[in-house]
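# Per-entry structural report
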Amino acid sequence: MPELPEVEVTRRGIAPALIGRRVTGVTLRTPALRYPLPRSLASNIRGAPLEGIDRRGKYLLLHFAAGHVLLHLGMSGTLRLVPPDAPPGKHDHVDIAFGNISLRMNDPRRFGALLWIEGEPTEHPLLASLGVEPLERGFTGKALHKSLHGRSAAIKQAIMDSHVVVGVGNIYASESLFRAGISPRTTAGRVSLVRLEKLVTAIKETLRAAIRAGGSTLRDFFGSDGDPGHFQLEHLVYGREGEPCRRCGTTIRMIRQGQRATFYCSKCQT
DNA sequence: CTGGTCACCTGGAAGC
DNA sequence: TGCTTCCAGGTGACCA
């Protein structure tokens with residue numbers, strides 16, 4: 001489910017309802033997701049107001065006076081707002097109650113994470129080495145050109161490397177490369193500056209469009225069995241193996257790069 | 001440092 | 001119908 005747009009839409013969906021409210025309870029229903037859950041969480045944040053929610057890459061940070069809750073949704077995680085007495089369903093691992101509303105984390109595959117951080121979040125090992133934010137000014141063709149210099153990995157794998165740029169997942173990597181007209185197999189260090197500038201623009205456009213598309217599902221974060229995070233853009237190439245390219249009609253191909261499926265048009269992308 | 005592979009875990013779909 | 005196999009939006013650990 002979650003690439004950067006989904007995480008950002010989640011942040012926007014839950015923030016207005018929760019910021020400024022005090023934690024009234026914490027329920028942990030499983031010992032661990034990707035990492036053990038912090039058993040001390042309730043004592044750390046009960047009674048404290050949520051001061052803000054930020055996103056870094058695909059991580060969410062819930063700020064409290066005493067520290068920060070670091071959340072990652074992994075492959076299958078979702079956050080939803082529910083009434084505090086809503087009975088937990090399968091894979092509802094964590095509830096953080098804020099009076100008459102609860103933030104509920106569901107994650108069937110349990111690749112997600114919830115950590116308690118004291119001190120400066122940006123210094124936490126999981127965040128310290130992350131690359132540039134793709135929607136911020138620092139993500140430019142020049143910057144990308146510099147960080148890819150000398151790299152022999154394929155461009156598709158390079159832009160999915162969170163130490164280069166955060167938040168570009170498997171779907172949007174294929175989509176962005178199609179929009180930029182770049183073959184996913186091209187050696188990252190050999191893509192010209194001009195083409196990387198196109199790629200940066202394509203990544204920004206792709207992510208922004210996906211966030212926009214998700215905006216219409218914001219109401220789904222409240223109650224209901226809605227499925228926030230399952231909105232999607234009309235994909236240009238992802239998942240379209242064997243179908244005609246929307247631009248030129250050539251049959252879309254699928255290859256594997258580092259165990260991940262890559263979709264592309266061999267005519268539009270060179 | 002870099003790139004390649006594996007592991008973590010569950011569930012849905014496809015194949016037989 | 002039921003069993004088996006493959007695949008899935010992420011990413012840290014480990015190895016050469």
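Rules behind the numbers
Residues numbered from 1 in each chain as written. Chains lettered and ligands numbered in written order. Predicted model: local features only at pLDDT ≥ 70, side-chain atom pairs only at ≥ 80, totals over all residues. Heavy atoms only, no water. Pairing = 2+ DSSP bridges. Helix = DSSP H or I, 4+ residues; strand = E, 2+ residues; numbered from the N terminus. Axes fitted to C-alpha atoms, helices over the stretch in contact; angles between N-to-C directions. Contact = heavy atoms within 4.5 Å. Near = heavy atom within 4 Å. Polar contact = N/O pair within 3.5 Å; in protein donor to acceptor, adjacent residues only side chain to side chain. Buried < 20%, exposed > 50% of the residue type's maximum accessible area, 1.4 Å probe, protein only. Core = buried A, V, L, I, M, F, W, Y, C linked by side-chain atoms within 4.5 Å. Domains from an automatic or database assignment. Arc of directions from axis to C-beta.

## Examining the sheet that holds strand β6 (residues 92-98)
Two pairing modes exist for strands in a sheet, parallel and antiparallel, and in both the strands are linked by backbone hydrogen bonds. Reading across the sheet, the 4 strands line up as β1-β6-β7-β5 and stay open at both edges, with antiparallel pairing between neighbours. Each having just a single partner strand, β1 (25-28) and β5 (78-82) make up the two edges of the open sheet. Along the sheet, successive strands turn relative to each other by an average axial angle of 15°, direction set aside. Here 4 bridges tie β1 to β6, and the two strands are oriented antiparallel to one another. Within the sheet, the bridge partner assigned to glycine 25 lies in β6 and is alanine 97. Against the sheet, helix α1 (residues 4-18) engages β5, β6 and β7 (101-106), with an angle of about 30° to β5.

## Structural notes on the protein's contact with DNA strand B
Around DNA strand B sit Lys90, His91, Pro108, Arg109, Arg110, Phe111, Arg151, Ser152, Ala153 and Gln259, and those are all the residues in its vicinity. Backbone atoms, meaning sugar plus phosphate, form 60% of the atoms of DNA strand B positioned within 4 Å of the protein. One nitrogen or oxygen atom from the side chain of arginine 110 is found 2.3 Å from a phosphate oxygen belonging to DNA strand B. Contacts to DNA strand B include alanine 153, whose backbone N or O atom sits 3.0 Å from a phosphate oxygen.

## Observations concerning the environment of threonine 262
Locating threonine 262 in the fold gives a position in strand β10 (residues 260-264). For threonine 262, a relative accessible area of 0% corresponds to the buried category. Along the chain, threonine 262 and glutamate 241 lie 21 residues apart, while their C-alpha atoms are 9.5 Å from each other. In contact with threonine 262, not counting residues within four places along its chain, are Lys156, Ser174, Pro184, Arg253, Met254, Ile255 and Gln257.

## Some remarks on the nonpolar core
Core analysis: the biggest nonpolar cluster contains 32 residues, and Leu18, Leu41, Phe64, Ile96 and Leu103 have the highest contact counts within it. When residues in this core are grouped by element, the largest group, 5 residues, is from α1. Not counting residues within four places of it along the chain, the set of residues in contact with leucine 41 comprises Val26, Leu28, Val69, Ile96, Leu114 and Trp116. Counting residues in hydrophobic clusters, the runner-up holds 24 residues, among them Ile159, Val191, Val200 and Ala210.

## A closer look at the sheet that holds strand β3 (residues 59-64)
Strand order in the open sheet made by the 4 strands is β2-β3-β4-β8, with antiparallel pairing throughout. Either end of the sheet is taken by a strand with one partner, and the two such strands are β2 (52-56) and β8 (113-117). Neighbour-to-neighbour, the strand axes of this sheet turn through a mean angle of 20°, independent of strand direction. In this sheet, β8 lies alongside strand β4 (residues 67-72) in antiparallel orientation, the contact comprising 5 bridges. Bridge pairing in β8 places valine 69 opposite tryptophan 116.

## As for the pairing of β3
Counting buried residues along β3, 6 of its 6 residues qualify, which places the element largely inside the surrounding structure. Burial along β3 is two-sided: the residues Tyr59, Leu61 and His63 and Leu60, Leu62 and Phe64 are all buried. Taken together, the 5 bridges between β2 and β3 define a ladder with antiparallel strand orientation. The partner of aspartate 54 across the bridge, within β3, is leucine 61. If you look at the hairpin formed by β2 and β3, you'll find 2 residues sitting between the two strands, and glycine 57 has a positive phi there, around 60°.

## A closer look at the domain arrangement of chain A
Under the domain assignment, chain A is made up of domain 1 (4-128) and domain 2 (141-264). Between domain 1 and domain 2, the C-alpha centre-to-centre distance is 27 Å.

## Let's talk about helix α4 (residues 141-148)
Since there are 3.6 residues in each turn of an α-helix, residues three or four apart along the chain are aligned in direction. By the burial criterion, the buried members of α4 are Gly141, Leu144 and Leu148. Down the axis of α4, the buried side of the element spans an arc of 65°, and every buried residue falls inside it. Relative to its buried face, α4 has exposed residues pointing more than 90 degrees away, namely Lys142 and Lys146.

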